[in-house]
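Residue-level listing of the chains:
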Amino acid sequence: MFHYAIRRALWLVPTLLAMALVTFLVMHATPGSPLDPVAEGANPLSPEAQKNLARAYGLDKPLYEQFVIFIVKAARFDFGTSFVYKTRTVAEILVETFPVSLLLGGMALALAVAGGLTLGILAAVYQNRGWDYVSVTLATFGVAVPNFVLAVFFIILFSFIIPLFPTGGWDSPRNWVLPTITLALGPMGVIARFTRASMLEVIRADYTRTARAKGLAERPVVFKHALKNALIPVVTLLGPMFAAVGTGSFFVESIFRVPGMGRFFVLSMTGRDYPMIMAVVLTYGVFLAIMNLVVDLLYGVLDPRIRY
Amino acid sequence: MAVTPAAATVGAVLPAPSFSSSSLMRDAFRRILRNKLAVVGGIVVILMVLIAIFADLLAPYSYTKTNFGRLNEPPTRDYLLGTDNLGRDLLSRMIYGARVSMLVGLGAQIIIVAIGVPIGALSGYVGGRVDLVLTRFVDVMYAFPRLLFVILVMSALGAGLMNIFIAIGLTGWVGIARQTRAQVLSLKEKEFVEGARALGAGFRRTLFKHVLPNALTPIVVSVTFGIPEAIFTEAALSFIGVGINPPTPSWGQMVGEGQQYLRSYWHLCVFPSIAIAITMLAFTFLGDGVRDALDPKLK
């Protein structure tokens, strides 16, 4: 187990390096250069001045050297200055916006897990009856309909028709409700579907029949014997769920004007703010890779049948 | 003596192969028809494809025709779904938007299959060092969140339909390659493959005639689910402004622009939202039906 954890953690390094390399290369392959005098609105610089600027920014160095510099700086969380918000460094913006995204994402994930498990269990226990249809319908909507479309429907329903919640902002917990629900529905649907399938399998297993045969009541049978075992495969879902909540936050934060990293990312896309784009992609990548590692290890702890 | 029953079984099974290849599909088709949701989904999908093909005939106006006298109008008799901020007919723009969605949904899958299936099959069938390199590569790609990577590639390539194909194709093949590899890996050990090889079938014949056709089911399922995913990706990209180039209409872009004026001009955002929701649900229902029909065990 310990050796496996170490090995898995060490695999993180090449994965992250590859991620950084891809990000770096893609950004470099982008046509146009900040020094390019042909670019629209660029300063008509003389070739000497261009050369000097390139040297000042290290752009005259060979590509691999630039990549090493990028990695070393990124490891120290130094991503340079934002192109759009010229007075602020990217790191400053991230420090400010990441906690907001983390709070939103955390709440959404908690809601998704709690709601998804509840719906999944209800659907399995009442298979092919009312609850099953309610939960399957909800899950299908959550899985199929993109969250920015759900957001539009929610705003119209719960802000315009029934004015319960504001259309956006992040000042008070009342602002948090709609973005959290919108972000949670997709992952919730996936978890509910998966839990339902897993529960159905376990409920038909021999040990569940044994538990019933012993004369146990329905409640302990479902929660103690069935659910415990049904949960194990659901845990593997958590990794992709982190990714879903992470990338989903781009859209939800944009629509609900949440001052988080996702919204800044979308704004930096339209502003072609390359330092910002690279930093956000790497931050998400690192965060998700670590979460995947944690989930993998957790899986091993929960399922004693898995040996490393 | 003990051989006789086995021989009899073989004799009984023998006629089957002459129509078995079409019978799996026919069985599956019959099972889909019994699934009401899948049928509804299928009908909606066919309608959407027809709308996309005949957009020129169906659209009452051109998607670029502006009418500056009637900006941001709610639905009227002239403009059934209203007009946008340039006085363009929303209905016409949505009809042409279907074309973009369907093109991306189907086109991206063709690219994904063309890249992913050969790589996965080769990796699984050849094994050894080729397999090791490819699996490592696929693992790293897999760790990268899909949408994030697509957005990154789009930000480098710039907006445009062709670039969307490239971005989705570059990132999407990984999943299908993984699946194909797993299938081929287990199939190549089966007796019928050994039998084919023993009968003198070469590398190519074994792989393409014997192994791959049997690996087809999960590939078909993955493609049916890949279509709505690609449609979603295009809508999401266009929503944040790195997808389709204006003035070509895209549903995602219309939602993205319309959501800023949701209170004053609700129609700009609501109708494209409904279109996306219906399309995504239809493809999901159809995909569920196809999966259940092709592999009842998977349910």
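Residues numbered from 1 in each chain as written. Chains lettered and ligands numbered in written order. Predicted model: local features only at pLDDT ≥ 70, side-chain atom pairs only at ≥ 80, totals over all residues.

Asks: In this structure, what is going on with the overall build of chain A? I would like to understand it.
Replies: Looking only at helices and strands, one finds twelve helices and zero strands in chain A. Reading chain A from its N terminus to its C terminus gives the helix and strand order α-α-α-α-α-α-α-α-α-α-α-α. Scaling as 2.2 N^0.38, a compact globule of 308 residues should have a C-alpha radius of gyration of about 19 Å, whereas chain A reaches 24 Å, well beyond that. Judged by the C-alpha coordinates and their principal axes, chain A covers about 90 × 55 × 30 Å. Relative to its 308 residues, chain A shows a buried fraction of 38%. The contacts in chain A between residues at least 6 apart in sequence include a share of 73% that link residues at least 24 apart. (Helix = DSSP H or I, 4+ residues; strand = E, 2+ residues; numbered from the N terminus. Rg over C-alpha atoms; globule rule 2.2 N^0.38 Å. Buried ≥ 20, exposed ≤ 12 C-beta atoms within 10 Å, placed from the backbone. Contact = placed C-beta atoms within 7 Å.)

Asks: Please explain helix α7 (residues 173-203) of chain A as it appears in this structure.
Replies: Each α-helix turn comprises 3.6 residues. Residues three or four places apart therefore point the same way. All names here are of chain A. Relative to the 45 Å expected for 31 residues at 1.5 Å per residue, α7 spans just 39 Å between its end C-alpha atoms, considerably shorter than the ideal helical length. Leu185 marks where α7 bends most, by close to 40°; the proline Pro187 follows one to four residues later. Counted residue by residue, α7 has 22 buried out of 31 residues, so it is predominantly covered. (Expected span 1.5 Å × (residues − 1). Bend = angle between axes of the 7 residues up to and from the residue.)

Asks: How should I be thinking about the packing of helix α4 (residues 90-125) of chain A against α7(A) in this particular structure?
Replies: Think of two packed helices as two axes; the pair is described by the angle between the axes and how far apart they sit. At a closest axis distance of 5 Å, the pairing of α4(A) and α7(A) adopts a crossing angle of 35°. Note on packing geometry: the crossing formed by α4(A) with α7(A) is right-handed. (Axes fitted to C-alpha atoms, helices over the stretch in contact; angles between N-to-C directions. Left-handed = near helix turned anticlockwise from the far one by under 90°.)

Asks: Can you walk me through the interface of chain A and chain B in this structure?
Replies: For an interface, size is often stated in terms of accessible area lost upon the parts coming together. Taken together, the 37 residues of chain A in the interface contact 32 residues of chain B. Taken together, the elements giving at least two residues each to the side of chain A that touches chain B come down to α1 (2-29), α5 (130-144), α6 (147-161), α10 (238-255), α11 (261-270) and α12 (274-302) of chain A. Across the side of chain A that touches chain B, the residue classes break down as 27 nonpolar, ten polar and no charged. (Nonpolar A, V, L, I, M, F, W, Y, C, P; charged D, E, K, R; others polar.)

Asks: Explanation requested: the environment of Gly127(B) in the structure shown.
Replies: Residue and element names in this part refer to chain B. Residue placement: Gly127 occurs in the loop between α5 (90-126) and α6 (128-143). Using a count of 14 C-beta atoms within 10 Å as the deciding quantity, one classes Gly127 as partly exposed. The spacing of Gly127 and Ser264 is 137 residues in sequence and 61 Å in space, taken between C-alpha atoms.

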